[in-house]
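Summary of structural features
Residue-level listing of the chains:
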Amino acid sequence: MSVTTQMSGLNELQAVLANAQRDVVPEAKKVLSRAALNVKKDAKKKVSGIRHAPAYPRSIGYDIDWDGTLGRAEIGPDKDKRQGALGNILEYGTVNNPPYAHLGPALDYEGPNFERYLGELGEDLLT
C-alpha cells in the first residue's frame, strides 16, 4: 500500500513566517511603548489634584528595556524627582493616610488592551 501526498503553499508559508520573525520585535516595541505611555498618563490623571503632593504626578515616568526578544516596561515615580519618593505612600496609604491608588488601577485598565494589541500584532504578521 502506498500513500501519495501533495503539498502546496509551503514556500509562501515559509516567506510569511520569515517576515513575521523579522518584524515581530520592532512592532512589539511599539505596542509595549504605547501601553507604558497609556499607563503613565492614566496614573498621572488619577493622582492629579492632591493638595499635599502637587508635583508628584510629574515624577511618574516609564523606562523600556529590551534584551533580545524579551521586553520590560517599568512604570512609576522617579524617586529623584520632586515628591517622587511619595509613590508607595500614595499608592498604598499609611496608618494615618488613605491610599490614592493610581498605578495599579492604571495597569489593570491597560492590561487587556495590551493583550489585545499583541494578539492583533500576531494576526497581522501572519496574514
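These notes cover the structure that comes with them. (Residues numbered from 1 in each chain as written. Predicted model: local features only at pLDDT ≥ 70, side-chain atom pairs only at ≥ 80, totals over all residues. Heavy atoms only, no water.)

1. Brief notes about a negative patch on the surface
This is how it is decided: Exposure above 30% relative accessible area and the lack of any salt bridge qualify a residue for a patch; like charges then connect within 9 Å, and the nonpolar side chains Val, Leu, Ile, Met, Phe, Trp and Tyr within 5 Å. Accessibility throughout is a Shrake-Rupley quantity obtained with a 1.4 Å probe, and a residue counts as covered only by protein chains that appear here. Any carboxyl oxygen of Asp or Glu that lies within 4 Å of a side-chain nitrogen of Lys or Arg is treated as forming a salt bridge with it. Two residue types count as positive, namely Lys and Arg, and two as negative, namely Asp and Glu; His and chain ends fall outside the count. By convention, charge coordinates are those of NZ in Lys, CZ in Arg, CG in Asp, or CD in Glu. Strands here are runs of E lasting at least two residues and helices are runs of H or I lasting at least four, both read from the DSSP assignment and numbered beginning at the N terminus.
Together, Asp63, Glu74, Asp78 and Asp80 make up a region of like negative charge exposed at the surface. Topologically, Asp80 is positioned in the loop between strand 2 (70-77) and helix 3 (87-92).

2. Focus: the pattern of salt bridges
Here is the rule: A 1.4 Å probe rolled over the protein chains alone gives each residue an accessible area, and that area as a share of the maximum for its type sets the label: buried under 20%, exposed over 50%, partly exposed in between.
Under the counting rule described, the total for this entry stands at four salt bridges. Ionic pairing is found between Arg116 and Glu120, a salt bridge with its closest N-O pair at 3.7 Å. Here Arg116 and its partner Glu120 are both found in helix 4 (residues 103-125), four residues apart, which amounts to about one turn of the helix. For Arg116, a relative accessible area of 40% gives the class partly exposed. Of the residues examined, Glu120 reaches a relative accessible area of 37% and is grouped as partly exposed.

3. Considering the nonpolar core
Quick note on the threshold: Here, nonpolar core refers to any group of buried Ala, Val, Leu, Ile, Met, Phe, Trp, Tyr and Cys residues whose side-chain atoms link them within 4.5 Å. By definition in these notes, contact holds between two residues if any of their heavy atoms fall within 4.5 Å.
Within the largest apolar cluster, ten residues are counted, these being Val39, Ala43, Val47, Ile50, Ala53, Tyr56, Ile60, Leu90, Leu103 and Ala106. Elements with a minimum of two residues in this core: helix 1 (10-47) and helix 4. A total of three residues in this core trace back to one element, the largest contributor, which is helix 1. Setting aside its immediate chain neighbours within four residues, Leu90 contacts Val47, Ile50, His52, Ala53, Tyr56, Pro99, Tyr100, Ala101 and His102. The next biggest cluster of nonpolar side chains, apart from the first, holds five residues, and it includes Ala20, Val31, Leu121 and Leu125.

4. Quick notes on the packing of helix 1 against helix 4
Formally: Inter-axis angles, ranging from 0 to 180 degrees, are taken between N-to-C directions of lines fitted to C-alpha atoms, where helices are fitted over the stretch in contact. With respect to orientation, any angle under 35 degrees is reported as roughly parallel, any angle over 145 as roughly antiparallel, any angle of 65 to 115 as roughly perpendicular, and every other angle as oblique. Crossing chirality is assigned from the near helix's rotation relative to the far helix, an anticlockwise turn below a right angle marking it left-handed and a clockwise turn marking it right-handed. Ten residue types, Ala, Val, Leu, Ile, Met, Phe, Trp, Tyr, Cys and Pro, are classed as nonpolar, four, Asp, Glu, Lys and Arg, as charged, and the remainder, Gly among them, as polar.
Interhelical geometry of helix 1 versus helix 4 gives an angle of 160° and a closest axis separation of 9 Å. One way to sum up the angle between helix 1 and helix 4 is to call them roughly antiparallel. With respect to the hand of their crossing, helix 1 and helix 4 are arranged in right-handed fashion. Class assignment of the residues belonging to the contact of helix 1 with helix 4 gives a composition of 19 nonpolar, one polar and five charged.

5. Focus on helix 4
Structurally, the α-helix is built with 3.6 residues per turn, so residues lying three or four positions apart point the same way. In plain terms, the rule: Working rule for helices: expected span equals 1.5 Å times residues minus one. Working definition for bend: take the seven residues up to and ending at a residue and the seven starting at it, fit an axis to each, and measure the angle between the axes.
Given a rise of 1.5 Å per residue, 23 residues ought to cover 33 Å, and the 31 Å separating the end C-alpha atoms of helix 4 matches this to within 8%. In the structure, helix 4 departs most strongly from a straight axis at Glu110, where the bend amounts to approximately 30° and where the proline Pro112 lies between one and four residues downstream. For helix 4, every residue scored as buried is listed here: Leu103, Ala106, Glu110, Asn113, Leu121 and Leu125. Elements that come into contact with the buried residues of helix 4 comprise helix 1, helix 2 (56-59), strand 1 (60-67), strand 2 and helix 3.

Interpretation in functional terms is not warranted from these geometric data alone.
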